[in-house]
Amino acid sequence: MANDQPPPIKGFIENSLLDWPGQICAVLFLPYCNLRCPYCHNHQLVLRPDTLETLSLEAILDRLHGFKEWVDGICITGGEPTIHRGLPAMLRRVHEAGFKTKLDTNGTQPETLHYLITENLVDCVAMDVKAPLDDSVYARCAGVYVPVSIIKKSIDVLMAGTVPYVLRCTVTPSMLAESDIYCLAEQLRGLSTETPSSLTAAPLLSLQNFNPADPLDPELKNVQPHTDQALARMQEEVNRILS
Ligand code: SF4
């Protein structure tokens, strides 16, 4: 499945405190995505990556070498990193350079996720779960049809593995009702008891607020995000369901 050529890099943040909780990391942005989430704020990367400069992995690693004492790792995000056949080569190279790796994924490539985990190429995974695990609701939030059986398979891979992970859901008020979020939390709790593994602790579901600044679907610009207080209250209820 793999190819030796690392995928093109279309964006780079030298250090971030937000992308890998508890760690200082650099962030690499890879182009293209197989989904079309209406709330996506990385749509230039998804739809028009050719308009962005391509950056060299080796030049970035050289630059980060000077900050090795305080950069813990490198987060690979997108777009969707797992659609690139050269992703394993990129992760391997990052490890060789002495940095830990975190992968952001939309969970649509469970076999790739399994491969990356079993080959010890990722040290942490953040996976988006777009909606409750129902095909029609999921298609609405992902912008394309995604069989939720694939998403469940990726969650199973994470639950059965030994790599720390978090599941993330972006809460866009016009697309997901509060009851949808709690439905998803109940479904995740159910999945954790079905997984035939010794590591069946309930998953962590982290809610993220919708950002109306520049969504892929311009109609969403008029949607008011939840207040911080409302999101915190929902997160508390999700935590209660999953505890
Ligand atoms: S938000 Fe959706 S469309 Fe945008 S990069 Fe993530 S998975 Fe792809």
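Residues numbered from 1 in each chain as written. Predicted model: local features only at pLDDT ≥ 70, side-chain atom pairs only at ≥ 80, totals over all residues. Heavy atoms only, no water.

J.: Explanation requested: unusual backbone geometry in the structure shown.
T.: The phi torsion of most residues other than glycine is negative, and most of the peptide bonds are trans. Residue Gly79 follows Gly78 across a cis peptide bond; omega there is 15 degrees. For Gly79, the location among the structural elements is in the loop between strand E3 (73–77) and helix H3 (87–96). The phi dihedral of Tyr32 is positive, around 70 degrees, even though this residue is not glycine. Despite not being glycine, Asn120 has its phi angle at roughly 55 degrees, a positive value. As for its position among the elements, Asn120 is in the loop between helix H4 (110–118) and strand E5 (124–128). A residue is classified by how much of its surface remains accessible, and Asn120, at 58% relative accessible area, is exposed. (Helix = DSSP H or I, 4+ residues; strand = E, 2+ residues; numbered from the N terminus. Buried < 20%, exposed > 50% of the residue type's maximum accessible area, 1.4 Å probe, protein only.)

J.: What should I look at first to understand the site of the ligand in this one?
T.: Looking at the ligand, the residues that line it are Cys33, Leu35, Arg36, Cys37, Cys40, Val46, Gly79, Asn106 and Lys130. Within the shell around the ligand, the residues separate by chemical class into five nonpolar, two polar and two charged. (Near = heavy atom within 4 Å. Nonpolar A, V, L, I, M, F, W, Y, C, P; charged D, E, K, R; others polar.)

J.: Is there a simple way to think about the packing of aromatic side chains in this case?
T.: A ring pair, where both rings are aromatic, is described by two values, the distance of the centres and the angle of the planes. Tallying each qualifying case throughout the model produces one aromatic pair. Centroid distance Phe67 to Trp70: 5.3 Å. Interplanar angle 40 degrees. Geometry classified as tilted. Of the residues examined, Trp70 reaches a relative accessible area of 38% and is grouped as partly exposed. The aromatic ring of Phe99 is capped on one face by Lys68, whose charged end is 5.8 Å from the ring centroid. (Phe/Tyr/Trp six-rings, centres within 6.5 Å; stacked < 30°, edge-to-face > 60°. Lys NZ or Arg CZ within 6 Å of the ring centre and 35° of its normal.)

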